[in-house]
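Each chain is listed here by its residues.
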Amino acid sequence: MRILLYNPDNGVTRNFMPHLWMFLLQSLTPPGHEVVLIDGNAKPMDEIQIAQYVRDEKIDLVGIGAMTRMIAKAYRIADAIRATGVKVVMGGPHVTELADEALGRDGGPRHADAVALGEADETWPQMVNDAARGELKEIYIPVDETGKERKPSLKHYPVIPWQSIDLDQFNLVPKAATKMLQKVGEGWGTFRIIPVESGRGCPYGCEFCTVTGFFGDSIRFRTNESVVNELLLLKARARKEKGQMAVFFIDDNFAINVKRTKSLLRDIIAAGAQVHWVAQISANLLRDEELIDLIAASGGKWVFIGMESIDPANLKDVNKGFNKPGEYAEVLERLAKRNVYAITSFIFGMDNDTTGVAERTLSQVRTWPPGLPIFGLLTPLPATPLYKRLEAAGRLTRVKHWQEFIPFAMAHTPLRMSIEEAHAEVKYGWAHAYSPEALAQAVDSLDDQPLGYRINIFLARICFRGIYFPMMGKLAWAKVVAQNRRTIFRLVVEAIFGRQARPGKSGGEILYDEAATPESQVSA
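If you're wondering where the values come from, they're calculated on a predicted model, not measured in any experiment.

### As for the overall build of the chain
Phase 1 of the analysis: A tally of regular secondary structure across the chain gives 20 helices and 14 strands.
Phase 2 of the analysis: Buried positions account for 52% of the 524 residues belonging to the chain.
Phase 3 of the analysis: Of the accessible surface of the chain, which amounts to about 23,200 Å², a share of 55% is contributed by carbon and sulfur atoms.
Phase 4 of the analysis: Separation between the mean location of the 62 positive side-chain charges and that of the 62 negative ones in the chain comes to 4 Å.

### Quick word on the packing of helix α10 (residues 258-270) against helix α11 (residues 289-297)
Phase 1 of the analysis: At a closest axis distance of 9 Å, the pairing of α10 and α11 adopts a crossing angle of 30 degrees. As α10 runs across α11, the sense of the crossing is left-handed. Every residue of α11 that contacts α10 at Val258, Thr261, Lys262, Leu265, Arg266 and Ile269 is listed here: Glu290, Leu291, Leu294, Ile295 and Ala297.
Phase 2 of the analysis: The residue makeup of the contact of α10 with α11, split by class, is seven nonpolar, one polar and three charged.

### Focus: the confidence of the model for the chain
Phase 1 of the analysis: When pLDDT is averaged along the chain, the result is 90; 92% of the residues meet or exceed 70.
Phase 2 of the analysis: Note on residues 503-524: pLDDT under 50 across the span, and 49 contacts to partners over four residues away in sequence or across chains.

### Here's the deal with the packing of aromatic side chains
Phase 1 of the analysis: Counting across every chain of the model gives 19 aromatic pairs.
Phase 2 of the analysis: Each ring, one from Phe23 and one from Phe170, has its centre 5.8 Å from the other, and the planes form 70 degrees; the classification is edge-to-face. Of the two residues, Phe23 sits in helix α1 (residues 20-28) while Phe170 sits in the loop between β6 (139-140) and α7 (178-182), which places them 147 residues apart along the sequence. As far as burial versus exposure is concerned, Phe23 and Phe170 are alike and both buried.
Phase 3 of the analysis: With 4.9 Å between their ring centres and 80 degrees between their planes, Tyr468 and Phe469 make a pair best called edge-to-face. Phe469 carries the same exposure label as Tyr468, and that label is buried.
Phase 4 of the analysis: Looking at Arg222, its charged tip hangs above the ring of Tyr157, at a distance of 3.9 Å from the centre.
Phase 5 of the analysis: In this structure, Arg461 packs its charged tip against the face of Tyr434, placed 5.5 Å from the ring centre.

### Let's talk about the pattern of salt bridges
Phase 1 of the analysis: In this structure the tally under the stated criterion is 38 salt bridges.
Phase 2 of the analysis: Residues Arg2 and Glu34 are paired through a salt bridge, measuring 3.0 Å at the closest nitrogen-oxygen approach. Placement of Arg2 in strand β1 (residues 2-7) and of Glu34 in strand β2 (residues 34-39) is noted, with a sequence separation of 32 residues between them.
Phase 3 of the analysis: As a salt-bridge pair, Arg222 and Glu230 come within 2.7 Å of each other at their nearest N and O atoms. This pair shows no difference in class: Arg222 is buried, exactly as Glu230 is.
Phase 4 of the analysis: The network of salt bridges with common partners includes Glu119, Asp121, Glu149, Lys151, Glu197, Arg200 and Arg220.

### A look at the pairing of strand β4 (residues 87-91)
The side chains of a regular strand alternate between the sheet's two faces.
Phase 1 of the analysis: Of all five residues that make up β4, four are buried, and the element is covered over most of its length.
Phase 2 of the analysis: Pairing analysis gives five bridges linking strand β3 (residues 61-65) to β4, with the strands arranged parallel. Note that in β4 the partner of Gly65 across the bridge is Gly91.
Phase 3 of the analysis: In this region the chain leaves β3, passes through helix α3 (residues 71-82) and returns to the parallel neighbour β4; the handedness of that crossover is right-handed.
Phase 4 of the analysis: Sheet analysis places β4 next to strand β5 (residues 114-116), joined by three bridges and oriented parallel.

### Observations concerning unusual backbone geometry
Phase 1 of the analysis: Residue Lys242 is not a glycine yet carries a positive backbone phi of 55 degrees.
Phase 2 of the analysis: Structurally, Lys242 is set in the loop between α9 (224-240) and β10 (244-249).
Phase 3 of the analysis: Its identity as a non-glycine residue notwithstanding, Asn339 has a phi of 60 degrees, on the positive side.
Phase 4 of the analysis: Structurally, Asn339 is set in the loop between α13 (328-336) and β13 (341-348).
Phase 5 of the analysis: Residue Asn339 is classed as buried on the basis of its relative accessible area, which comes to 17%.

### Observations regarding helix α2 (residues 47-56)
Phase 1 of the analysis: By the burial criterion, the buried members of α2 are Ile50, Ala51, Tyr53 and Val54. Taken around the axis of α2, the buried residues stretch over an arc of 160 degrees, which confines them to a single face.
Phase 2 of the analysis: Against the buried residues of α2 lie β1, β2, β3 and α3.
Phase 3 of the analysis: For α2, the side-chain oxygen to backbone nitrogen distance between the N-cap and Ile48 is 3.2 Å, and the N-cap itself is Asp46.

### Section: the sheet that holds β13
Phase 1 of the analysis: Spatially, six strands are ordered β7-β10-β11-β12-β13-β14 in an open sheet, and the strand pairing comes out parallel. Across the chains shown, the open sheet's two edge strands, defined by having one partner strand only, are β7 (191-196) and β14 (372-377). Here the strands of the sheet are splayed against their neighbours by 20 degrees on average, with no regard to which way each runs.
Phase 2 of the analysis: Most of the contacts of α13 go to strand β12 (residues 300-308), to which it runs at about 175 degrees, and overall it touches β12 and β13.

### Some details on the nonpolar core
Phase 1 of the analysis: Grouped together as the largest cluster of nonpolar side chains are 110 residues, with contacts concentrated most on Trp124, Phe249, Ile281, Leu286, Ile295, Ile305 and Leu335.
Phase 2 of the analysis: For this core, the leading source of residues is helix α18 (residues 451-468), giving seven residues.
Phase 3 of the analysis: For Leu286, the residues in contact, after removing those within four places along its chain, are Ile281, Ile292, Ile295, Val303, Ile305, Val331, Arg334 and Leu335.
Phase 4 of the analysis: Val62, Ile64, Ala80 and Met90 belong to the second-largest nonpolar core, a separate cluster that totals 42 residues.

What counts as what
Residues numbered from 1 in each chain as written. Predicted model: local features only at pLDDT ≥ 70, side-chain atom pairs only at ≥ 80, totals over all residues. Heavy atoms only, no water. Helix = DSSP H or I, 4+ residues; strand = E, 2+ residues; numbered from the N terminus. Buried < 20%, exposed > 50% of the residue type's maximum accessible area, 1.4 Å probe, protein only. Areas by Shrake-Rupley, 256 points an atom, 1.4 Å probe, with all protein chains shown as cover. Lys, Arg positive; Asp, Glu negative; His and termini not counted. Charge placed at Lys NZ, Arg CZ, Asp CG, Glu CD. Axes fitted to C-alpha atoms, helices over the stretch in contact; angles between N-to-C directions. Left-handed = near helix turned anticlockwise from the far one by under 90°. Contact = heavy atoms within 4.5 Å. Nonpolar A, V, L, I, M, F, W, Y, C, P; charged D, E, K, R; others polar. pLDDT = per-residue confidence, 0-100. Phe/Tyr/Trp six-rings, centres within 6.5 Å; stacked < 30°, edge-to-face > 60°. Lys NZ or Arg CZ within 6 Å of the ring centre and 35° of its normal. Salt bridge = Lys/Arg side-chain N within 4 Å of Asp/Glu carboxyl O. Pairing = 2+ DSSP bridges. Right-handed = clockwise from strand over helix to strand, strands pointing away. Arc of directions from axis to C-beta. Polar contact = N/O pair within 3.5 Å; in protein donor to acceptor, adjacent residues only side chain to side chain. Core = buried A, V, L, I, M, F, W, Y, C linked by side-chain atoms within 4.5 Å.

Okay, structure coming up:
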């Protein structure tokens, strides 16, 4: 059979890296079948285009995986494919919790011929073999001999052949700039962010999170050797292409077992497998100085920290009381001393939030080392404790909000502010954290660091700005460049002529004016 594995975009915002499940299932597909991959974030398609692709490429089976924010698009794509007569199987956290919705058993239309519940490492080969025989079942669940759900071990993790997988659709470098950038430094002809997992599961059980429900609360790890070999494979490919490769460890909490994480990082260093990497780590696990040293030495550049709130009452409400806002600054300083910076995530619309929460949060953020703050709204995802609590209290305003994805829009009423006020707080957070003045301040705060660090924070801020203010066309990009022209000019001048002394820092004359005229609030 010819099999298509498809991951949809949500039609509004797009991810900056591909989804691991496609590469994993491709590696787990039984011999004798050809698998092609399409990630809608990198290669957008509408329903007509995907149906035509399936016909033209003579696809026999399509597997679709989607999170809740992508499920509406996933269903539309699935419907278009099924209309061509090709079978569609679906999986992922949303389908696992709402299998009846995907199968049309809840009174709505049917979107899938079969669904995989939970992790599909073991059930995917069964689905492929059954489809090849024309005996596809409706539901596949990984169970043991007693009928109890079984979580797959990661000890014998499949080798993903990164050296041969077609990654062209995931290159973040514009084609027009490829040849020129191949000659720069170590070569930037390609740049890809590749997802890698070293473990699954999380014991914390935050009220709003789907992770514990899907992966379980017991942690399973790959062997250190397996992870190291994968990094070496990626590093070798980047070198061969005269390009760059960064890794995002998609573990729900990369340092949940600090002893094991230290062991892995030591092995990465010993094998020379360092690549620039990003990982998700809880703030409470970043108190360990040795761990931070190993993060930096192994190639860690950014750490995603789900801070969620600076209000302890909010954190307690959502079962995340292990976060201590009083130690946020210390944690970030500890990272910054090793030139590791943080992506700090905040949620507005929690039950103790009131108007002004965005500015109160930003007033704290401005005192921390520069990073990438991101802001969202509390979202009740299906089957989470949060969803069940709000449903029981009659507070859901869009009971099936996923059927019409609206970014940065609430699906329930907060207790101490209106929905409109919560929306305004998120907009305020993004606008003021990513204004030209805020970007200039972030660059200036790294004035004692090499130019590369300041360029890094500037480019990262520009890219993350696109999460809320999408920069989808040349005009939008031109506007962003114009708004940040002073900061760009200063960085370019320093790159060409070297650093010039600045008054109040090391004395001497200044080469260019660093007083930025206040710009208008960020808009797209």
